[in-house]
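# Structure assessment
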Amino acid sequence: MKYNRKLLKLVPFAVISTLALSACQSTKVQRIDANQEVALSDKWNGKDSQLVSEAMISDMLSFPWVNDHLKKEGTRPAIIIQSIRNKSHQHIAVDTFLNDLKRAILRSGQADFVANKEIREEIRDERKDQELNASLETQNEMGQEQGADYALSGTINSFVDQQGGTRVTFYQVDLRLIDMTSNREVWNGQKKIQKLQERSGYGF
């Protein structure tokens, strides 16, 4: 009887020790290349953002509007990104996608990028401060900003098809480029991503 009581007292300690040991053994962290895709699920990830932005900007700059603008104006077109709306079923870091689009535009060397309204207001405040505090030689004048020639906007949509342990997630990104002077749509692009996720014996 005394033996059983002693055993019962030791059981909780044994369970706690086992759980603590399991927790220590199950955690592993390692550094990997930021450009390497690690797909833990069928959710939209950083690699999707990078690949979609590069493919769509490449397609956009291959259309006739670029050469038409160069012939007419003699300068590279200036683009502003208005908004990319996430209408998908999951939370997507749209700001990351916007930055990937900007980088792809600037990297191409075929077009300039104009900062959005919020950033422009911050820069204007800085120029106002320069008028009061900076020397005449280093001041940047007001009213010298470059206006955007074209506005880029679009949406991210998705839908899910699931049966048993198999799920297919479909993403579709639609972007359009509008001439700021004429409101003419000079480019319309679409990129689709389809992801298959399979699990055996467990639900999603």
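In the nomenclature of an unreviewed UniProt entry, the protein chain is known as Penicillin-binding protein activator LpoB of Pseudoalteromonas byunsanensis.

### Things to note about the overall build of the protein chain
Counting its regular elements, the protein chain contains five helices and five strands. N-terminal to C-terminal, the α/β element order of the protein chain is α-α-α-β-α-β-α-β-β-β. Split by element, the accessible area of the protein chain, about 14500 Å² in all, is 50% carbon and sulfur.

### Some remarks on a negative patch on the surface
Together, Glu-118, Glu-121, Glu-122, Asp-125, Glu-126 and Asp-129 give the surface a local cluster of negative charge. As for its position among the elements, Asp-125 is in helix H5 (residues 117-133).

### What to know about the pairing of strand S5 (residues 185-198)
The pairing of strand S4 (residues 166-179) with S5 spans 13 bridges and is antiparallel. Bridge pairing in S5 links Thr-166 to Glu-198. Between S4 and the antiparallel strand that follows it, S5, lie five residues; Asn-183 among them carries a positive phi value of about 65°.

### What to know about helix H4 (residues 94-108)
In a regular helix each residue adds 1.5 Å, so 15 residues correspond to 21 Å; H4 covers 21 Å between its end C-alpha atoms and thus fits that length. Every buried residue of H4 is accounted for by Val-94, Phe-97, Leu-98, Asp-100, Leu-101, Lys-102, Ala-104 and Ile-105. Packed against the buried residues of H4 are helix H2 (46-60), strand S1 (78-86), strand S2 (112-113), strand S3 (150-163) and S4. Among the residues trailing H4, Gly-109 stands out with phi positive, at a value near 75°.

### Some thoughts on the environment of Gly-143
Tracing the sequence through the fold places Gly-143 in the loop between H5 and S3. Look at Gly-143 and you get exposed, because its relative accessible area is 70%. For the pair formed by Gly-143 and Arg-124, sequence separation is 19 residues and the distance between their alpha carbons is 9.6 Å.

Conventions adopted
Residues numbered from 1 in each chain as written. Predicted model: local features only at pLDDT ≥ 70, side-chain atom pairs only at ≥ 80, totals over all residues. Heavy atoms only, no water. Helix = DSSP H or I, 4+ residues; strand = E, 2+ residues; numbered from the N terminus. Areas by Shrake-Rupley, 256 points an atom, 1.4 Å probe, with all protein chains shown as cover. Patch = residues over 30% accessible without salt bridge, like charges linked within 9 Å, V, L, I, M, F, W, Y side chains within 5 Å. Salt bridge = Lys/Arg side-chain N within 4 Å of Asp/Glu carboxyl O. Lys, Arg positive; Asp, Glu negative; His and termini not counted. Charge placed at Lys NZ, Arg CZ, Asp CG, Glu CD. Pairing = 2+ DSSP bridges. Expected span 1.5 Å × (residues − 1). Buried < 20%, exposed > 50% of the residue type's maximum accessible area, 1.4 Å probe, protein only. Contact = heavy atoms within 4.5 Å.

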